[in-house]
Amino acid sequence: MNNHSRGLALEGEYDLVDREALATLFGALRADGPATIDLTKVTYLDGTMLTELLKLQARFKEHSIKLLVRSAIIRRVFRIVRFEQLFEIVDA
């Protein structure tokens, strides 16, 4: 995991066990401008990640969040939960 002031690159799998780590990483992002979350190396996510992304979006309500996605499965999950209405989802 790599964290910058308004950007974050994640890799691996994320589920309930990772809730606190995700909350800490997302909480460290500055909400004073747009942010980018690189999920191109994420191989699995569950509702925990979706919930933490929603909390992040609520904090960034006045700024955009770009989600970089490579996995077709993750893109499909984001489409099912209609994340394209809240985030800018970019195929990477």
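Refer to the structure above for everything that follows.
Residues numbered from 1 in each chain as written. Predicted model: local features only at pLDDT ≥ 70, side-chain atom pairs only at ≥ 80, totals over all residues. Heavy atoms only, no water.

Bringing the overall build of the protein chain into the picture now. Within the protein chain, the secondary structure is distributed over three helices and five strands. The linear arrangement of helices and strands in the protein chain, starting from the amino end, is β-β-α-β-α-β-α-β. A compact globule built from 92 residues would reach a C-alpha radius of gyration of about 12 Å, and the protein chain, at 12 Å, matches this within 12%. Viewed in the frame of its principal axes, the protein chain has a C-alpha envelope of about 30 × 25 × 20 Å. Within the protein chain, the fraction of its 92 residues that count as buried is 33%. Put simply, 69% of the contacts in the protein chain that link residues at least 6 apart link residues at least 24 apart. If you sum the accessible surface of the protein chain, you get close to 5,400 Å²; carbon and sulfur atoms cover 50% of it. Taking the 13 positively charged and 13 negatively charged side chains of the protein chain as two groups, their mean positions are separated by 5 Å. (Helix = DSSP H or I, 4+ residues; strand = E, 2+ residues; numbered from the N terminus. Rg over C-alpha atoms; globule rule 2.2 N^0.38 Å. Buried < 20%, exposed > 50% of the residue type's maximum accessible area, 1.4 Å probe, protein only. Contact = heavy atoms within 4.5 Å. Areas by Shrake-Rupley, 256 points an atom, 1.4 Å probe, with all protein chains shown as cover. Lys, Arg positive; Asp, Glu negative; His and termini not counted. Charge placed at Lys NZ, Arg CZ, Asp CG, Glu CD.)

What follows concerns the nonpolar core. Among the nonpolar cores identified, the biggest contains 24 residues, and L10, F26, I37, M49, L67 and F78 are the most heavily contacted of them. The element best represented in this core is strand β3 (residues 35-45), accounting for five residues. Ignoring sequence-local partners within four residues, the contact set of I37 consists of L8, L10, F26, L29, L56, I65, K66, L67 and L68. (Core = buried A, V, L, I, M, F, W, Y, C linked by side-chain atoms within 4.5 Å.)

A few words on helix α3 (residues 72-80). Looking at where α3 begins, the residue whose side-chain oxygen comes 3.2 Å from the main-chain nitrogen of I73 is S71. Just downstream of α3, R82 is the residue with a positive phi angle, here 60°. (Polar contact = N/O pair within 3.5 Å; in protein donor to acceptor, adjacent residues only side chain to side chain.)

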